Amino acid sequence: MPELPEVETIVRTVTQRLVGREIRDARFYSTLVLRADPPETAKRLRGRLIEAVRRRGKFIIVELSGGMQLTIHLGMTGKLLWNCAPGVHTRAVWELDCGTLLYDDIRQFGRIEVCEEVPERVARLGPDALLVTEEEFTHLLRNRRGRIKPLLLNQAVLGGLGNIYVDEALFRARMHPLTTAAQLGRERTHRLYAAIQEVLRTAIECGGSSISDYVDADGRAGSFQAHHQVYAREGEPCLRCGAPIRRMVVAQRGTHYCPRCQRSR
DNA sequence: ATCTATTCCTGGCTGC
DNA sequence: TGCAGCCAGGAATAGA
């Protein structure tokens, strides 16, 4: 499941290879992923130079000459692969002057957009979880009556966190997933902010988490799953106190926490 | 504003 | 071995 650290890893893997290169041709095989006309979209890309590759939240944004933007969201099972052979799950191919970039996506929850304006779904994003300052973060939580886990998953509030990293950050902050955001004081807000930053930075250093089949553009798996302390550890002992990790459903997501360490509501 | 349920998808797993 | 049924979840959407 690609979240911020996985997307960041992919962007870092492909940036140097792509910037300055030309898109010679593009092909799209799925109108679930590309909700537009494939030949027309390919035509808009042909001959463009890649000026920059950026990440915003979980989006990959490829800036092209002439103000065109290629925006990719990996959904649940999307992958960008460099110089790989296409397979049954290949949904898009970009032929560059120096190699081939593939978009593979088993479940097709991912989306590809090509347009000159910032796509609506990118414009709606809150501040990036990796770049947000503690002051901004404090402000985001203020006057929120909702519970902390759904709030952190809300991309319009904070961009980039997904289910795994929210659970891991809440554990490290020793905060219960159902804690009301507005009732956090300065101390607990600081603890949560620090936990999010720590989890994201360590996960990026590890090249992300490979839970099901995530790999970066060179096919390398991440290793942060070895550092998971609660995610997918239901029934296993808490690494801090030994109590069995519990699982419940919050915001329709599997939510993993230690009932002893994460008591504060 | 905030909540819940539903939809989109397919591979992998469970249980008969 | 086969197969039905269920589960995983990011994000949009509808409705309460």
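Scroll up to find the structure this text is about.
Notes on the structure follow. Worth saying up front: this structure is predicted, and the values here are computed from it rather than measured.

Some remarks on the pattern of salt bridges
Applying the stated rule across the entire model yields 16 salt bridges. Linking E113 and R121 is a salt bridge whose minimum nitrogen-to-oxygen distance equals 3.8 Å. The class of E113 is partly exposed, set by a relative accessible area of 27%. The partner of E168 in a salt bridge is R172, and the shortest N-O contact between them spans 2.6 Å. One end of the pair is E168 and the other is R172, both in helix α6 (residues 163-172) and four residues apart, which spans about a single turn. In this structure E168 comes out as buried when scored by relative accessible area, which is 0%. Each of E8, R12, R55 and D128 takes part in one network of salt bridges that share partners.

Some details on the environment of L158
With respect to the element layout, L158 can be found in the loop between α5 (148-153) and α6. Distance in space between the C-alpha atoms of L158 and F137 is 8.5 Å, their sequence separation being 21 residues. Dropping the residues within four chain positions of it, L158 is found in contact with G126, P127, D128, A129, V132, F137, L140 and L152.

Regarding the protein's contact with DNA strand B
DNA strand B sits among L32, H89, I106, R107, Q108, F109, N143, R144, R145, G146, R147 and Q252. Counted by atom, the contact set of DNA strand B within 4 Å of the protein is 74% sugar and phosphate. Here a phosphate oxygen of DNA strand B and a backbone polar atom of G146 are 3.4 Å apart. Residues belonging to the surface near DNA strand B are distributed by class as follows: three nonpolar, five polar and four charged.

Focus on the sheet that holds strand β8 (residues 111-115)
Pairing is antiparallel across the open sheet formed by four strands, whose spatial order is β2-β3-β4-β8. Edge strands, defined here as strands with exactly one partner in the open sheet, are β2 (50-56) and β8. Here the average twist between neighbouring strands, direction ignored, is 15°. Strand contacts of helix α1 (residues 4-18): β2 and β3 (59-64), with the helix running at about 170° to β2, the strand carrying the most contacts.

About the criteria used
- Residues numbered from 1 in each chain as written.
- Chains lettered and ligands numbered in written order.
- Predicted model: local features only at pLDDT ≥ 70, side-chain atom pairs only at ≥ 80, totals over all residues.
- Heavy atoms only, no water.
- Salt bridge = Lys/Arg side-chain N within 4 Å of Asp/Glu carboxyl O.
- Buried < 20%, exposed > 50% of the residue type's maximum accessible area, 1.4 Å probe, protein only.
- Helix = DSSP H or I, 4+ residues; strand = E, 2+ residues; numbered from the N terminus.
- Contact = heavy atoms within 4.5 Å.
- Near = heavy atom within 4 Å.
- Polar contact = N/O pair within 3.5 Å; in protein donor to acceptor, adjacent residues only side chain to side chain.
- Nonpolar A, V, L, I, M, F, W, Y, C, P; charged D, E, K, R; others polar.
- Pairing = 2+ DSSP bridges.
- Axes fitted to C-alpha atoms, helices over the stretch in contact; angles between N-to-C directions.

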